[in-house]
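Residue-level listing of the chains:
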Amino acid sequence: MSEEAREDQDGQEAPGSGIPLVFGRVLKRLRVQARMDRAELGRRTGYSAATITSYEVGRRIPNAKFIRQADEVLDAGGMLIDFIEDMERAQYPAFFQDAAALEKQAVALHVFAVQAVPGLLQTEDYARAVFTMWRPVLSAETIEQRVAARLARQEIFARQPAPTVTFVLEESVLCRQLGGLAVWRGQLEQILLDSQRRNVEIQVMPNDSEEHASLNGPFTLIETGKGRRIAYVPAYKASRLFTDRVTVREVEEQYGLLRAQALTPRESLAFVEKLLGET
């Protein structure tokens, strides 16, 4: 058995499927045509041979940086670069792929969170804790892939022109110590840092509020540069994007009332600081 055949078997999960698998087959073909082993491709792109193996069998999704490097090293003439957009979509679970694509186009995002800190605000440790607790259990590679994809979404904050991003978080979200005390404190500190961004506003819906305009769960409102307004409503295996004006208007009304009923951004900042001070 050849060295590469052993690499495919030893310590590797079953091959992946879909676009990552197609990309992996093309990558391997180009590498073989270039008479280059995995270790050499890894050295020239800054990755290990084991990582190259994971890419080639479709079990791990490469980032755009690797794809561009590999295209140049293997003299692919843009063949690999053509995969970048599809691979970016493949980073996310199927139910979130369309929402992620719209998020990248957004000029405004408005998020109501009721279970965990929204992905756009999550620290690396908090995100890893969330995916580690996921059931059915995710593989270690899938966890790391999804953490990387979640952190990559946060590039939206630095984009120019800067989009407007607002959040309303249930108080219970901030009090839930997911990942343990150190992870939780780090997450609260990150929320304080993000709240300092001029294009970001974060508000807290207190548990003792006597009014609440949206008791039916979380959602995200997305407005694109072309003026499209979309409501994304996550649910177990049935997340939906609503584009009809009637439904989107209903969600917009709920969010407007939530912001009026929640603590102001300044009061919310003080609330988070108080939580940190108590631990």
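In this text, all values refer to a predicted model and were calculated from it rather than measured experimentally.

Caption draft 1: How the structure looks around helix α2 (residues 18–33). The first and last C-alpha atoms of α2 sit 23 Å apart over 16 residues, in line with the 22 Å expected at 1.5 Å per residue. Among the residues of α2, those classed as buried are P20, L21, F23, G24, L27, L30 and R31. Once α2 finishes, R35 follows within two positions and takes phi at roughly 55°, a positive value.

Caption draft 2: Just the pattern of salt bridges, in detail. Applying the stated criterion across every chain yields a total of 15 salt bridges. R128 serves as the salt-bridge partner of D125, at 3.8 Å between the closest nitrogen and oxygen. Pair noted here: D125 and R128 are both in helix α8 (residues 124–132), with a separation of three residues, about one helical turn. A residue is classified by how much of its surface remains accessible, and D125, at 48% relative accessible area, is partly exposed. Classification of R128 as partly exposed rests on a relative accessible area of 22%. Several salt bridges share partner residues, and in doing so they unite E124, D125, R128 and E144 into one network.

Caption draft 3: Main features of the side chain of S268. With respect to the helices, strands and loops of the structure, S268 is situated in helix α13 (residues 265–277). Overall, S268 belongs to the buried group, its relative accessible area being 2%. In this structure the side chain of S268 is engaged in a polar contact, spanning 2.8 Å, whose partner is the backbone nitrogen of V204. Within polar-contact distance, the side chain of S268 engages the backbone oxygen of L263 at 3.4 Å.

Caption draft 4: Representation of the nonpolar core in the model. Ranked by size, the top nonpolar core spans 38 residues in total, and within it F157, F167, L169 and L174 carry the most contacts. Element by element, the count of residues in this core is highest for helix α11 (residues 181–194), at five residues. When sequence neighbours within four positions are dropped, the list of residues in contact with L174 reads L169, W184, L188, I191, V204, F271, V272 and L275.

Rules used in this analysis
Residues numbered from 1 in each chain as written. Predicted model: local features only at pLDDT ≥ 70, side-chain atom pairs only at ≥ 80, totals over all residues. Heavy atoms only, no water. Helix = DSSP H or I, 4+ residues; strand = E, 2+ residues; numbered from the N terminus. Expected span 1.5 Å × (residues − 1). Buried < 20%, exposed > 50% of the residue type's maximum accessible area, 1.4 Å probe, protein only. Salt bridge = Lys/Arg side-chain N within 4 Å of Asp/Glu carboxyl O. Polar contact = N/O pair within 3.5 Å; in protein donor to acceptor, adjacent residues only side chain to side chain. Core = buried A, V, L, I, M, F, W, Y, C linked by side-chain atoms within 4.5 Å. Contact = heavy atoms within 4.5 Å.

Geometry only, nothing functional implied.
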